[in-house]
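Here is what each chain is made of, one letter per residue.
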Amino acid sequence: MRLLIVEDEKRLAAALAKGLAAEGFAVDMTHDGLEGLHLATTQDYDLIILDLMLPGVSGYRVCSRLRAAGNTTPILMLTAKDGELDEAEGLDTGADDYLTKPFSYVVLLARVRAVLRRRNRDGCPVVKLGDLTVDPHTRRCFRGEDEVALTAKEFAVLEHLAAHAGQVVSKSEIIEHVWDFAFDGDPNIVEVYISTLRRKIDAPFGRRSISTVRGAGYRLAADGG
């Protein structure tokens, strides 16, 4: 999953990005409201962590503009203020949840996961392909009754393929969604993860669910069908 952090406290933003990346999220980051609005309207995100007080454009205004434009990306709003009026105003502009500073990273991560679970219940159901089950809610994968242990990044790659089951997903699309827009490493890293996924979810069970479409990308389907 790909997240956007719009937070003008650079040390806080960097710490949040580092922690969320360790959880397997692809994280983009900006410290300016206008740039945050631009990224949110030109890139595809699963969730936006949005500070209230920002240079350029306030978090209130960023949120309201996104909702007015029909953008339904979940928004977790952050603020140093503490009051019912601020919370109500933030939620009224279209934010999905609200967290007051200072907060612990554990609490923020729990809020992020809760917002994503709510979104998943509405738009990202459990994917079942033959005896392969990919559950975005719990971030778990099964072959029949057997759970397959995956790292955070391995699951992120599989989750993106599962969200587009039966379709060809290009290497660049996987990088954009699972890593971030600033990724400047070797794009062949995708092949490494695809190979690892095949060794974990296919080979031990005699399955071929991930196929390579030469020159185009990869397709996830029941037993490679």
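Each chain has its residues counted from 1, following the order in which its sequence is written. Local features in this predicted model are restricted to residues of pLDDT 70 or higher, and side-chain atom pairs are both shown and tallied only at a pLDDT of 80 or more, whereas totals for entire chains, interfaces and linings draw on every residue. To obtain the side-chain values, all non-hydrogen atoms of the structure were included, while hydrogens and water were left out.

(A) Layout of the nonpolar core. The definition of a nonpolar core used throughout is a set of buried Ala, Val, Leu, Ile, Met, Phe, Trp, Tyr and Cys residues joined through side-chain atoms within 4.5 Å. Remark: exposure states derive from per-residue accessible area (1.4 Å probe, protein chains only) relative to the maximum for the residue type, with buried under 20%, exposed over 50%, and partly exposed in between. If you look at the biggest cluster of nonpolar residues, it comprises 25 residues, and the most contacted ones within it are Leu150, Val157, Leu158, Leu161, Ile174, Ile201 and Leu220. Of all the elements in the fold, those that place two or more residues in this core are strand E6 (127–129), strand E7 (132–135), helix H6 (152–163), helix H7 (171–178), helix H8 (189–202) and strand E12 (217–220). The leading source of residues in this core is H6, at 6 residues. Throughout, a residue-residue contact means that at least one pair of heavy atoms, one from each residue, lies within 4.5 Å. In this view, Leu150 contacts Cys141, Phe155, Leu158, Leu197, Lys200 and Ile201; residues no more than four positions away in its chain are not counted. Counting residues in hydrophobic clusters, the runner-up holds 20 residues, among them Leu3, Val27, Leu99 and Leu108. Every helix listed is a DSSP run of H or I at least four residues long, and every strand listed is a run of E at least two residues long, numbered separately from the N terminus.

(B) Local environment of the environment of Arg61. Turning to its location among the elements, Arg61 is positioned in helix H3 (residues 59–68). Taking relative accessible area as the criterion, Arg61 reaches 49% and is therefore assigned partly exposed.

(C) Structural context of the pattern of salt bridges. Definition used for salt bridges: Asp or Glu carboxyl oxygen within 4 Å of a side-chain nitrogen of Lys or Arg. Following the criterion strictly, the structure yields 14 salt bridges and no others. Note that Asp97 and Arg111 form a salt bridge whose closest N and O atoms lie 3.4 Å from each other. Taken together, the positions of Asp97 in strand E5 (residues 97–100) and Arg111 in helix H5 (residues 105–123) put the pair 14 residues apart, joining distant regions of the chain. Exposure remark for Asp97: the relative accessible area of 17% places this residue in the buried category. Relative accessible area serves as the criterion here: at 27%, Arg111 is assigned to the partly exposed category. Here Asp131 ties to Arg207 by a salt bridge, and the two come within 2.9 Å at their closest N and O atoms. Placement of the pair is Asp131 in the loop between E6 and E7 and Arg207 in the loop between H8 and strand E11 (210–213), with a sequence separation of 76 residues.

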